[in-house]
Amino acid sequence: MKYVMLIYQGSTPLPHSEAWEAMPADQKQQIYTDYGKLNETPGVTPGVPMGLPANATTVRVQSGKTLTTDGPFVGMKEAAGGFFVLECEDLDGAIEVASRVPAARLGGAIEIRPCETYW
Amino acid sequence: MRDVLVATLEEVFREEWGRVLATLIGFLGDFDLAEEAAQEAFAIAAERWPASGIPKNPRAWLTVTARNRAIDRIRRDQTITRMPLSDVHLEATDSMTMSTFRDERVELVFTCCHPALSLDAQVALTLRTLGGLTTTEIARAFLVPEATMAQRLVRAKRKIKAAGIPFRVPPRDLLADRLAAVLAVVYLIFNEGYSGRDELASEALWLGHALAELLPDEPEVYGLLAMMLLHDSRRDARFDDGELVLLTEQDRSRWNVRQIDAGRAALGRAVALGGRGPYVLQAAIASLHADDDCDWAEIAALYGELGRLTDSPVVELNRAIALAEVDGAEAALRIVDALPLHDFRYLHATRADLLWRAGRVDDARAAYDRALALTEDGAERRFLERRLAELPASAGAAGRRGSTRRS
C-alpha cells in the first residue's frame with residue numbers, strides 16, 4: 001500500500017514561534033533527530049519542507065476571476081504543516097510510522113490517506 | 001418434519017456463516033466478493049438441502065461452492081489479479097474435508113473491530129460478518145433505517161479495502177489494545193440487548209462463546225463471557241409484566257441456574273489464566289451478586305479495584321451502592337455526592353434511594369424528580385414513578401427500606 005501522510009501541527013510549537021524558542025535545546029534537537037530518522041525509514045519518501053501557514057496564500061477562481069486571500073484554506077490551527085509518502089504493508093504499518101512523527105505527540109496529528117489512482 | 005429440517009438448516013447456517021465467510025475473505029482478499037459468494041452458496045443450499053439432505057460436511061460444501069462462485073465471477077469480470085486459477089475449480093462433494101481451509105474468524109473479527117473504523121461500523125460489521133445477521137436485522141436492532149445501516153456497512157467495507165486495513169491477528173505489541181476493542185464491541189452489543197432487546201443479548205453471548213473458542217488463552221475474553229452469562233441469567237427475573245424488578249426483589253427461581261454455572265465456570269477459567277482485568281472483575285462482582293448471602297464488603301472491594309483500573313465515576317457509584325450495605329446510607333452518600341455525574345440518571349436514582357434510607361424524605365423526593373427528568377418513557381421511568389409514589393408523605397416519617405442495586 002502507498003499512503004500520503006499529512007502532518008497537522010495543531011498546537012505543536014512552530015519554528016520561530018515563542019513556544020518553540022522557549023523549548024529546551026535538547027528537546028528541539030530531539031525533534032529534528034526524530035524527523036531525520038523518519039525520513040530514513042524504509043518506505044518513506046520525504047515531502048518538501050513546508051513554510052508556515054501564516055505565510056500561505058489561498059487562491060480561488062470564481063466566474064473566471066482569480067481571488068486571492070491571505071492565509072491557509074482552513075484555519076491556522078487546522079492547516080497542514082507537512083507531508084510525506086509512505087509505502088508499507090498495510091494500515092497498521094502506516095499507523096506505526098505515524099505514531100513516530102513528533103507532531104503527533106506535540107499537540108498535532110497525522111492523517112493517513114491511501115493513495116488512489118483515479119484515471 | 002420439514003419444520004425440523006428448516007430449523008436444523010437455520011442452525012447450520014448460523015454456525016457456518018462466519019466461518020465460511022472468513023475463509024473466503026482470507027482466500028479472496030475482498031469482503032464484498034466473499035460476502036456475495038457466500039450468500040449465493042447459502043441460497044443454493046437453502047434451495048437444495050431440503051430435498052437432498054444436509055451434506056456430511058456442510059461447511060466444506062458451502063465453502064467450496066462459494067469459492068467456485070467467486071472464481072466464476074472473477075473470470076466473468078476479467079479482473080483476475082491475485083490468484084492462480086488453473087487448479088482451483090473443484091467440485092463440491094460430500095467427501096470434501098476442511099483440511100485445506102483455515103478457520104480465519106479471528107482475523108475477521110480483528111479486521112471488523114479495527115480502530116480505523118468508527119465504533120458504529122465495527123458493531124455493524126461484526127454482527128453482519130461473524131454473527132451472520134442480515135442488514136435488515138441489524139438495522140431493526142439498532143433502530144436505524146435499513147438504508148442507513150446498508151450504507152454504513154458499504155462504507156466500512158470500502159474503507160477496509162481502500163485504507164489497507166489488514167486481515168490478520170495483530171502482532172503481540174498491538175494485541176492487548178486490539179483485543180480490548182473487540183471485547184468492547186461485543187459488550188456494547190450485549191448492553192444494547194440488556195435493556196430488553198433479547199436478540200442482541202443472545203447475539204453477544206454467541207459472539208462471546210465464539211471468541212472464547214478462538215482465543216482460549218485470553219483471560220479477558222472469558223471474563224467478558226462470564227459477565228454476560230451471569231447478567232443474562234437474570235434476564236427473565238429482571239422484568240415482571242414488563243416492569244423492572246430490582247436484584248434484591250427478584251424471584252430467584254426465575255434465574256437461569258445453568259447460565260450461572262456456565263458463567264462461574266468461565267470466570268474460573270479467566271482467573272486460572274491469571275486474569276484480573278476489568279471484565280474479570282465485573283464477572284466476579286456479578287458472581288457474588290448471584291450468591292444467596294451477598295458479600296457486599298467483597299463487592300465494594302472489587303469495585304474499588306475496578307475503579308482504580310478504569311478511573312470511572314460510574315464504577316465509584318456502584319462501589320457506593322455496595323458500601324451502603326456495609327457502612328450505611330450516609331457513608332455511601334458522602335461518596336455519591338462527590339461524583340462528577342450531575343446529568344447521569346442512575347446517580348440521582350441512587351441518591352434518592354440512599355436519602356430515603358437515611359430518612360431524608362424531602363431530599364429523596366427532589367432526587368427522584370431529578371432522575372425522572374433525565375429518564376425517557378419506559379420501564380425505568382415507571383419504576384422511578386412507583387418509587388416516588390411509595391415515598392412517605394412528609395419528612396420525618398420512617399421510609400420503607402429500598403435499594404437501587406442493579407437489577
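Note: the structure precedes this text.
The written sequence of each chain sets the order in which its residues are numbered from 1. Each chain is given a letter, starting from A, and each ligand a number, starting from 1, according to the order in which they appear as written. For a predicted model such as this one, the threshold for reporting local features is a pLDDT of at least 70, and the threshold for listing and counting side-chain atom pairs is 80 or more; totals across whole chains, interfaces and linings nevertheless cover every residue.

Caption draft 1: Structural context of the overall build of chain B. Along chain B, the regular secondary structure elements total 19 helices and 2 strands. Placing C-beta atoms from the backbone, we regard two residues as in contact once those atoms come within 7 Å. If you take every contact in chain B between residues at least 6 apart in sequence, the share linking residues at least 24 apart comes to 63%. Going along the chain from the N terminus, every DSSP run of H or I of four or more residues is numbered as a helix, and every run of E of two or more is numbered as a strand.

Caption draft 2: Region of interest: the overall build of chain A. Along chain A, the regular secondary structure elements total 4 helices and 6 strands. For chain A, the succession of helices and strands along the chain, N to C, is β-α-α-β-β-β-β-α-α-β. If one aligns the C-alpha atoms of chain A with their principal axes, the spans along those axes are about 50 × 45 × 20 Å. For the exposure call, what matters is how many other C-beta atoms sit within 10 Å of a residue's own: 20 or more marks it buried, 12 or fewer exposed, and in between partly exposed, using C-beta atoms placed from the backbone. Burial status across chain A gives 12% buried among its 119 residues. Intrachain contacts of chain A at a sequence separation of at least 6 include 69% that bridge at least 24 residues.

Caption draft 3: Seen up close, the sheet that holds strand E1 (residues 2-8) of chain A. Residue and element names in this part refer to chain A. Taken together, 4 strands build an open sheet; the order of strands is E2-E5-E1-E6 and the sheet is antiparallel. Each of the sheet's edge strands pairs with one partner strand only, and the pair in question is strand E2 (44-46) and strand E6 (109-114). The sheet shows a mean angle of 25 degrees between the axes of neighbouring strands, direction not considered. At least two bridges found by DSSP between two strands is the condition for calling them paired. Bridging between E1 and strand E5 (residues 80-87) involves 7 bridges; their strand directions are antiparallel. Paired with Leu6 across the bridge in E5 is Phe83. As a rule, the C-alpha atoms of each element are fitted with a line to give its axis, helices using only the stretch in contact, and angles between N-to-C directions run from 0 to 180 degrees. Contacts from helix H3 (residues 91-98) reach E1, E5 and E6 within the one sheet, and its direction differs from that of E6 by about 155 degrees.

Caption draft 4: The packing of helix H5 (residues 119-129) of chain B against helix H7 (residues 146-163) of chain B, seen in detail. Residue and element names in this part refer to chain B. It is at 9 Å that the axes of H5 and H7 come closest, and there the two elements cross at 95 degrees. Looking at the two axes, H5 sits roughly perpendicular to H7. For the pair formed by H5 and H7, the contact residues are Asp120, Ala121, Ala124, Leu125 and Arg128 on the first element and Met149, Arg152, Leu153, Arg155 and Ala156 on the second. Residue polarity follows a fixed list, in which Ala, Val, Leu, Ile, Met, Phe, Trp, Tyr, Cys and Pro are nonpolar, Asp, Glu, Lys and Arg are charged, and the others, Gly among them, are polar. Each residue belonging to the contact of H5 with H7 can be placed in one class, and the counts come to 6 nonpolar, no polar and 4 charged. Under this scheme an angle from 65 to 115 degrees is roughly perpendicular, one under 35 degrees roughly parallel, and one over 145 degrees roughly antiparallel; angles in between are oblique.

Caption draft 5: Main features of the interface of chain A and chain B. In this complex, chain A contributes 6 residues to the contact, which on the side of chain B involves 7 residues. Residue classes in the side of chain A that touches chain B are distributed as 3 nonpolar, no polar and 3 charged.

Caption draft 6: Spatial organisation of helix H18 (residues 361-373) of chain B. Residue and element names in this part refer to chain B. Here H18 spans 18 Å end to end across 13 residues, near enough to the 18 Å set by a 1.5 Å rise per residue. Of all the residues in H18, the buried ones are Ala364, Ala367, Tyr368 and Ala371. Here the buried residues of H18 occupy an arc of 105 degrees about the axis, which is enough to place them on one side. Residues of H18 that are exposed and point over 90 degrees away from its buried face: Asp362 and Ala373. Contact partners of the buried residues in H18: helix H17 (345-357) and helix H19 (379-390). Here the expected span of a helix is defined as 1.5 Å times the quantity of residues minus one. Directions drawn from the helix axis to the C-beta atoms are what define this arc.

Caption draft 7: How the structure looks around unusual backbone geometry. Residues and elements named next belong to chain A. Non-glycine residue Ser63 carries a positive phi angle of around 50 degrees. Inspection of the secondary structure assignment puts Ser63 in the loop between strand E3 (57-62) and strand E4 (65-70). By C-beta crowding, Ser63 is classed as exposed, having 5 other C-beta atoms within 10 Å.

Caption draft 8: Geometry of the packing of helix H8 (residues 172-194) of chain B against helix H9 (residues 198-214) of chain B. Residue and element names in this part refer to chain B. Two numbers describe how H8 lies on H9: the axes approach to 6 Å, and their chain directions differ by 155 degrees. One way to sum up the angle between H8 and H9 is to call them roughly antiparallel. At the point where H8 passes H9, the crossing takes the left-handed sense. Every residue of H9 that contacts H8 at Val186, Ile189, Phe190, Glu192, Gly193 and Tyr194 is listed here: Asp198, Leu200, Ala201, Glu203, Ala204, Leu207, Gly208 and Leu211. What makes a crossing left-handed is the near helix being turned counterclockwise from the far one by less than a right angle; a clockwise turn instead makes it right-handed.

Caption draft 9: Region of interest: H7 of chain B. Residues and elements named next belong to chain B. Compared with the 26 Å implied by 1.5 Å per residue over 18 residues, the 25 Å span of H7 between its first and last C-alpha is a close match. Inspection of H7 places Met149, Arg152, Leu153, Ala156, Lys157 and Ile160 among the buried residues, and these make up the whole buried set. Seen along its axis, H7 keeps its buried residues to an arc of 125 degrees; they face one direction. Among the exposed residues of H7, those pointing more than 90 degrees away from its buried face are Ala147, Val154 and Arg158. In this structure, the buried residues of H7 make contact with helix H2 (31-52), helix H4 (105-112), H5 and helix H6 (135-141). Among the residues trailing H7, Gly164 stands out with phi positive, at a value near 75 degrees.

Caption draft 10: Quick look at the environment of Ile25 of chain B. Residue and element names in this part refer to chain B. Along the polypeptide, Ile25 turns up in helix H1 (residues 2-28). Note on Ile25: 24 C-beta atoms within 10 Å, which makes it buried. Taking the C-alpha atoms as reference points, Ile25 and Ala184, 159 residues apart in sequence, are found 23 Å from one another. Apart from the residues lying within four places of it in its own chain, the contact partners of Ile25 are Phe31, Ala34, Glu104, Leu108 and Phe167.

Caption draft 11: Main features of the environment of Cys115 of chain A. Residue and element names in this part refer to chain A. Considering the arrangement of structural elements, one finds Cys115 in the segment after E6. A C-alpha to C-alpha distance of 9.0 Å links Cys115 and Val85, two positions 30 residues apart in sequence. For Cys115, the residues in contact, after removing those within four places along its chain, are Lys2, Tyr3 and Val4.

Caption draft 12: Focus on the nonpolar core. All names here are of chain B. Put simply, a nonpolar core is a cluster of buried Ala, Val, Leu, Ile, Met, Phe, Trp, Tyr and Cys residues tied together by C-beta atoms within 7 Å. Formed by 116 residues in total, the largest nonpolar core has its most connected members in Leu24, Ala34, Val186, Ala226 and Ala283. Element by element, the count of residues in this core is highest for helix H10 (residues 219-232), at 9 residues. Excluding residues that lie within four positions of it along the chain, Ala34 makes contacts with Leu21, Leu24, Ile25, Leu28 and Ala70.

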